[in-house]
Amino acid sequence: MKAVVIRAPGGPDVLELAEVPEREPAPGEVRVVVKASAVNRADLMQRRGAYPAPTGWPQDVPGLEYAGVVESLGAGVESLAVGDRVMGLVGGGGYAEYVVVHEREALRVPDRLSFEEAAAVPEAFITAHDALFTRLGLASGEWLLIHAVGSGVGTAALQLARAASARVVGTSRSEWKLERATSQYGLDVPVDASDGFAEAVRNATAGGVDAILDLVGGAYLADNLRVLRTLGRQVVVGLTSGRSAELDMGLLLSMRLTLVGTALRSRPLEEKIAATRLFARQALPLLADGRVRPVVHETLPMGRAGDAHQLLEHNRTFGKVVLAW
């Protein structure tokens, strides 16, 4: 089968289409003809040699999600049939003509979604849903701060939070992303973070937020703690601005704050299945009836994976970049 292969660690030019071996589905697994896959920052890190795929997944083929059609079944598969439209997470190898996944990890694609739209769902929406409701316990009426609100996970989290009747502050360093998040996706308070965000957030929320979804990391930690209310919670999902920061533990103690981290890619199979099935029960109906929707910035042919990576690296995207066969 054809796949986008990383020739060697490096820039976007190291990505090329090549032939790689196919794998037959084992018991409980299905093989899916991939129609589209979306690009994630983890793919960029894997391409640079900085984020290897988990054991059992291709080290030289990036891609954390897929949308396609079930092509064959392993022994004992009961929940899916050949021809079913499915989407889901993989530990790697999404930029390929086929993926093999456990039947319980696959989600049925709602009828209203194209394959390109469906490919933009799994990583962004399952990550956001798990972070907001399993890790943060976000409740109706609470104030949520989302950093990098124009990203794939950011746009998914914004919509899921608004569907849960939470109020949302979103940050970005791009005015056009804030305007779009506000006018099209219901962002309550846009904040330009180019010169800091703490004062603007505290003023807009009369003292602070109840929860933070941080997709930036690094030096944002200090101001995050400043804008959390007593008993506030923060989940760290991304580290685009760095992995190190100074922590004021006195503030952590006195305000009784909760600070947690999360990642889906490295979780054991059963944990991934649990997160996927919970998402299917609680959030997939929102996609099925259009109350939330995947945000696709641009769709490119799979052979232009290098161009897609450049778009993300230059931070010129709102939502997801999708690669289609």
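Just above sits the structure.
The following refers to the structure shown. (Residues numbered from 1 in each chain as written. Predicted model: local features only at pLDDT ≥ 70, side-chain atom pairs only at ≥ 80, totals over all residues. Heavy atoms only, no water.)

**A short note on the overall build of the chain**
Thinking step 1. Per the secondary structure count, the chain includes eleven helices and 15 strands.
Thinking step 2. Scaling as 2.2 N^0.38, a compact globule of 325 residues should have a C-alpha radius of gyration of about 20 Å, and the chain matches this with 19 Å.
Thinking step 3. Considering only C-alpha atoms, the chain reaches an extent of 55 × 40 × 35 Å along its principal axes.
Thinking step 4. Classification of the 325 residues of the chain by burial places 54% in the buried group.
Thinking step 5. A fraction of 69% describes how many contacts in the chain between residues 6 or more apart in sequence connect residues 24 or more apart.
Thinking step 6. Here the chain has roughly 13400 Å² of accessible surface; of this, 50% comes from carbon and sulfur atoms.
Thinking step 7. Here the chain contributes 34 positively and 38 negatively charged side chains, and the mean placements of these two sets differ by 3 Å. (Helix = DSSP H or I, 4+ residues; strand = E, 2+ residues; numbered from the N terminus. Rg over C-alpha atoms; globule rule 2.2 N^0.38 Å. Buried < 20%, exposed > 50% of the residue type's maximum accessible area, 1.4 Å probe, protein only. Contact = heavy atoms within 4.5 Å. Areas by Shrake-Rupley, 256 points an atom, 1.4 Å probe, with all protein chains shown as cover. Lys, Arg positive; Asp, Glu negative; His and termini not counted. Charge placed at Lys NZ, Arg CZ, Asp CG, Glu CD.)

**Examining helix α5 (residues 175-185)**
Thinking step 1. Of the positions making up α5, those classed as buried are Lys177, Leu178, Ala181 and Tyr185. End-on, the buried residues of α5 take up no more than an arc of 100°, which puts them together on one face.
Thinking step 2. Buried residues in α5 make contact with α4 (152-163), β9 (167-172) and β10 (189-192). (Arc of directions from axis to C-beta.)

**Some points on the layout of surface pockets**
Thinking step 1. There is about 1400 Å³ of room inside the largest pocket.
Thinking step 2. Every residue lining the largest pocket is counted, 47 residues in all, and those nearest its centre are Arg41, Leu215, Gly238, Leu239 and Thr240.
Thinking step 3. The biggest single contributor to the lining of the largest pocket is helix α1 (residues 41-48), with five residues.
Thinking step 4. In terms of residue class, the lining of the largest pocket is built from 21 nonpolar, 16 polar and ten charged.
Thinking step 5. As a volume, the second largest pocket reaches approximately 430 Å³.
Thinking step 6. Along its surface, the second largest pocket is lined by 23 residues, and Arg23, Gly56, Trp57, Pro58 and Val100 are the ones closest to its centre.
Thinking step 7. Those elements that place two or more of their residues in the lining of the second largest pocket are β3 (29-38) and β6 (98-102).
Thinking step 8. For the lining of the second largest pocket, the element with the most residues is β6, which contributes five residues.
Thinking step 9. Considered class by class, the residues forming the lining of the second largest pocket number 13 nonpolar, four polar and six charged. (1 Å grid on protein atoms, 1.4 Å probe; cavity = no way out; pocket = protein on both sides within 12 Å on 5 of 7 lines; lining within 4 Å. Points joined across faces, edges and corners; volume = space filled by probe spheres on them. Nonpolar A, V, L, I, M, F, W, Y, C, P; charged D, E, K, R; others polar.)

**Observations regarding the environment of Ala263**
Thinking step 1. Tracing the chain through its elements places Ala263 in the loop between β13 (258-261) and α9 (269-282).
Thinking step 2. The exposure class assigned to Ala263 is partly exposed, which follows from its relative accessible area of 39%.
Thinking step 3. In this structure, the C-alpha to C-alpha distance between Ala263 and Val39, residues 224 residues apart in sequence, is 16 Å.

**Concerning helix α3 (residues 122-135)**
Thinking step 1. Among the 14 residues in α3, eleven count as buried, and that is most of the element.
Thinking step 2. Those residues of α3 that fall on the buried side of the exposure criterion are Pro122, Glu123, Ala124, Phe125, Ile126, Thr127, Ala128, His129, Asp130, Ala131 and Leu132.
Thinking step 3. Note on α3: the residue one or two positions beyond its end, Gly137, has a positive phi of about 60°.

**Topic: the pattern of salt bridges**
Thinking step 1. Applying the stated criterion across every chain, the model contains 19 salt bridges.
Thinking step 2. With its nearest N and O atoms 3.2 Å apart, the salt bridge here joins Arg31 to Glu24.
Thinking step 3. A network of salt bridges, in which partner residues are shared, links Glu22, Glu24, Arg31 and Glu71. (Salt bridge = Lys/Arg side-chain N within 4 Å of Asp/Glu carboxyl O.)

**As for the sheet that holds strand β12 (residues 228-236)**
Thinking step 1. Sheet architecture is open: six strands sit in the order β10-β9-β8-β11-β12-β13, paired in parallel fashion. Across the chains shown, the open sheet's two edge strands, defined by having one partner strand only, are β10 and β13. Looking at each pair of strands side by side, their axes are set apart by 15° on average, direction ignored.
Thinking step 2. As defined by bridge partners, β9 adjoins β10 across four bridges and the pair is classed as parallel. The residue bridging Ser172 from the neighbouring strand is Asp192, located in β10.
Thinking step 3. Here α5 sits on the sheet and contacts β9 and β10; the angle it forms with β10, its principal contact strand, is near 175°. (Pairing = 2+ DSSP bridges. Axes fitted to C-alpha atoms, helices over the stretch in contact; angles between N-to-C directions.)

Remember that the coordinates give geometry; whether it matters functionally is a separate question.
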